[in-house]
Amino acid sequence: MRKTLIATGIILASLSAAHVNAQSTMSNFSYDYAEARIGISPLTYGAGFSKSIHPNAHIVGSIDTEFDSDWDAALGVGFHAPINNWADVTGELKARNAKNKGRFDSSAGKMGMEVNLGIRQWLGPQLEVGGNIGHLNIDDYEKVIGNIYARFHATELFSIGVTGRFNEIYSDQVMLTTRFKF
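Basis of the calculations
- Residues numbered from 1 in each chain as written.
- Predicted model: local features only at pLDDT ≥ 70, side-chain atom pairs only at ≥ 80, totals over all residues.
- Heavy atoms only, no water.
- Salt bridge = Lys/Arg side-chain N within 4 Å of Asp/Glu carboxyl O.
- Helix = DSSP H or I, 4+ residues; strand = E, 2+ residues; numbered from the N terminus.
- Buried < 20%, exposed > 50% of the residue type's maximum accessible area, 1.4 Å probe, protein only.

1. With respect to the pattern of salt bridges
No. 1: Within the structure shown, the criterion is met by 15 salt bridges.
No. 2: With a closest N to O distance of 2.9 Å, aspartate 72 and arginine 96 form a salt bridge. Here aspartate 72, found in strand β4 (residues 71–84), pairs with arginine 96, found in strand β5 (residues 87–99); they are 24 residues apart in sequence, far enough to count as distant. Of the two residues, aspartate 72 and arginine 96, both sit in the buried class.
No. 3: Salt bridges here are not isolated pairs; linked through shared partners, they connect Glu35, Arg37, Asp64, Asp72, Glu92, Lys94, Arg96, Glu114, Arg151, Arg165, Glu168 and Arg179.

What follows is the structure, encoded as C-alpha cells:
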C-alpha cells in the first residue's frame, strides 16, 4: 500500500512538473520572415522566406544565384521545438534544384534533397546564434553540409546577421543577411 501511494505521488508530481515545464518553454523565435542575402567568395545574391503552418512547423524556401545562368533553389518543410526558454531545436526536409557551369550543367538544373538538424540560441536580448548540420544529395553529389550564424535583432521586426556555410553548392561561403519579420 505504501509503495502504491509513493508511486502515485511520484506520477502526479511528474505530470504537474511536465505541465508547468511545457508552459514555461514556449519558443522565443519567430519563424515568419523574409530574408535578403549576399554571399561572399563567390559573390551570390539570394532571398529566402519562412512561414509558420503549425505551432511547431514551418515551410521554408530560398534561392541564390551569381546571375550567370545558375541557381540554387530550395523548398521544404521544417519543425521547431523549444529546448528551454532560450533555445530551439530545428530540422528541415527540402527539395533542392541546382544549376551551375560545373557539376549541375543542364537546362533545368538537377533535382535532389536536403535534410538537416540544428539549434537556435539566444545569447542576450538581441543576439541570436545557431547552426545546423545536414546531408545534401543532388544527382551523384552527396555531401555533409552545415552552417553557423550570428544574428543581431535591431528591432522586433528587423535583424542583420552573418552566416558561414560549408560544403554547399557554391562551396564554403560567408553570407551577410537581413531579415524582415512579418
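There's plenty left to go through after this.
2. Comments concerning unusual backbone geometry
Note: most peptide bonds trans; most residues except glycine with negative phi.
No. 1: In this structure, the amide linkage connecting serine 41 to the following residue, proline 42, adopts the cis form with an omega of 5 degrees.
No. 2: In the Ramachandran plot, phenylalanine 67 falls in the positive-phi region, its phi being about 60 degrees despite a non-glycine side chain.
No. 3: Along the chain, phenylalanine 67 falls in the loop between β3 (57–65) and β4.
No. 4: Using a relative accessible area of 65% as the deciding quantity, one classes phenylalanine 67 as exposed.
No. 5: In the Ramachandran plot, serine 69 falls in the positive-phi region, its phi being about 55 degrees despite a non-glycine side chain.
No. 6: Assignment of secondary structure puts serine 69 in the loop between β3 and β4.

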